[in-house]
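Spelled out from the first residue to the last, the chains are:
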Amino acid sequence: QERVSINKISGNIVLDGKLDEVQWNEASSFPMIVHSPNFGAEPSEKSEVYVAYDQEYLWVGARLYSSDPKNITATSKKRDERSRNSDQFGIILDTYDDNENALAFFTLPTGARIDYTVSNDGEGGGGGGMGSINRSWNTFWDVETTVDEQGWYVEMRILFSSLQFQTKDGKINMGMILRRRISYANETVTYPLIDPKYGFTADQKPSLAQSIELENIESHNPVY
């Protein structure tokens, strides 16, 4: 798999869930495609998804359009409470690029923060491999969302100090999965394209992630 370089941005992004800063034009963009139920099909709704970084944060932005915004559903604002009945968007990062372990960051249209770890490549323990998902894990990160007559929008910033990774020759290699859940269509779209034949947790398996590269970032321990 060819590794994708993520663009580094300069200047400030105001975290308000609006994606109206020019920095988003500098970010790397990623096309979403249907994971299920119609593998490989064009999504029922348009998504514009961006990933970028600066010295402190990994930034993730998304414009998640809906032909009828009344269909946008969110059942909770509570931390770590998610449901397949809600619209969702997020990122899964295999920060050590080991094809085994990952950190997940998701949100709902309400702006709820959902974070968890993935181990054992999403396999083993509990129904559908959910024993490899640890939802009790929490870390420091922020997200803001907005909703209008065209859809819902996400701005997410993840402190590099909340991620564990290795730097080699000034470069950091990770695995990345981007995922949107469109509740009314019972549809999951991802980047990269992930075949559901790999099981219930296929769209969370680090071994199926896109390889990405960042440069000249140092992990550090901040004071909160």
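What counts and how
- Residues numbered from 1 in each chain as written.
- Predicted model: local features only at pLDDT ≥ 70, side-chain atom pairs only at ≥ 80, totals over all residues.
- Heavy atoms only, no water.
- 1 Å grid on protein atoms, 1.4 Å probe; cavity = no way out; pocket = protein on both sides within 12 Å on 5 of 7 lines; lining within 4 Å.
- Points joined across faces, edges and corners; volume = space filled by probe spheres on them.
- Nonpolar A, V, L, I, M, F, W, Y, C, P; charged D, E, K, R; others polar.
- Helix = DSSP H or I, 4+ residues; strand = E, 2+ residues; numbered from the N terminus.
- Pairing = 2+ DSSP bridges.
- Axes fitted to C-alpha atoms, helices over the stretch in contact; angles between N-to-C directions.
- Phe/Tyr/Trp six-rings, centres within 6.5 Å; stacked < 30°, edge-to-face > 60°.
- Buried < 20%, exposed > 50% of the residue type's maximum accessible area, 1.4 Å probe, protein only.
- Lys NZ or Arg CZ within 6 Å of the ring centre and 35° of its normal.
- Contact = heavy atoms within 4.5 Å.

Colleague: Give me the lowdown on empty space enclosed by the protein, citing residues and values where you can.
Modeller: All told, the structure shown has one cavity of 30 Å³ or more when counted by the stated rule. Estimated volume of the largest cavity: approximately 30 Å³. Taken together, E45, Y65, S66, N71, I72, D87, R180, I182 and Y184 make up the lining of the largest cavity. Grouping the constituent residues of the lining of the largest cavity by class yields four nonpolar, two polar and three charged.

Colleague: Lay out the layout of surface pockets with the relevant residues and their values.
Modeller: A volume near 190 Å³ is recorded for the second largest pocket. Along the wall of the second largest pocket there are 13 residues; nearest its centre are T95, Y96, L103, W137 and Q164. Contributions of two or more residues to the lining of the second largest pocket are made by β7 (102-107) and β8 (113-118). Broken down by class, the residue content of the lining of the second largest pocket amounts to five nonpolar, six polar and two charged.

Colleague: Tell me what's going on with the sheet that holds strand β10 (residues 141-148), and back it up with residues and numbers.
Modeller: Taken in spatial order, the five strands line up as β2-β4-β5-β11-β10 in an open sheet, and their pairing is antiparallel. Each edge of the sheet is formed by a strand with only one pairing partner; in this case those strands are β2 (28-30) and β10. Strand-to-strand twist in this sheet, taken as the mean axis angle between neighbours without regard to direction, amounts to 15°. Bridge count between β10 and strand β11 (residues 151-159): eight bridges; the pairing is antiparallel. Within β11, the position partnered with W141 by the bridge is I158.

Colleague: Account for the packing of aromatic side chains, naming residues and giving values.
Modeller: Here the structure, examined in full by the defined rule, presents 10 aromatic pairs. Between Y65 and Y153, the aromatic rings sit 6.3 Å apart at their centres with planes inclined by 90°, giving edge-to-face as the arrangement. Taken together, the positions of Y65 in strand β5 (residues 57-65) and Y153 in strand β11 put the pair 88 residues apart, joining distant regions of the chain. Y153 carries the same exposure label as Y65, and that label is buried. Between F106 and Y116, the aromatic rings sit 6.2 Å apart at their centres with planes inclined by 10°, giving stacked as the arrangement. Here F106 is found in strand β7, whereas its partner Y116 is found in strand β8, with 10 residues between them in sequence. Of the aromatic side chains, those joined through ring pairs into one cluster are W24, Y50, Y57 and W59. Its guanidinium or amino end placed over the ring of Y116, R135 lies 4.7 Å from that ring's centre, counting from NZ or CZ.

Colleague: Please set out the environment of D80 residue by residue, giving values where relevant.
Modeller: One can find D80 in the loop between β5 and β6 (88-94). By relative accessible area, which is 18% here, D80 ends up buried. Once the C-alpha coordinates of D80 and P192 are considered, the two residues, 112 residues apart in sequence, prove to be 24 Å apart. Beyond its immediate sequence surroundings of up to four residues, D80 is in contact with R113, I114, D115, R135, W137 and N138.

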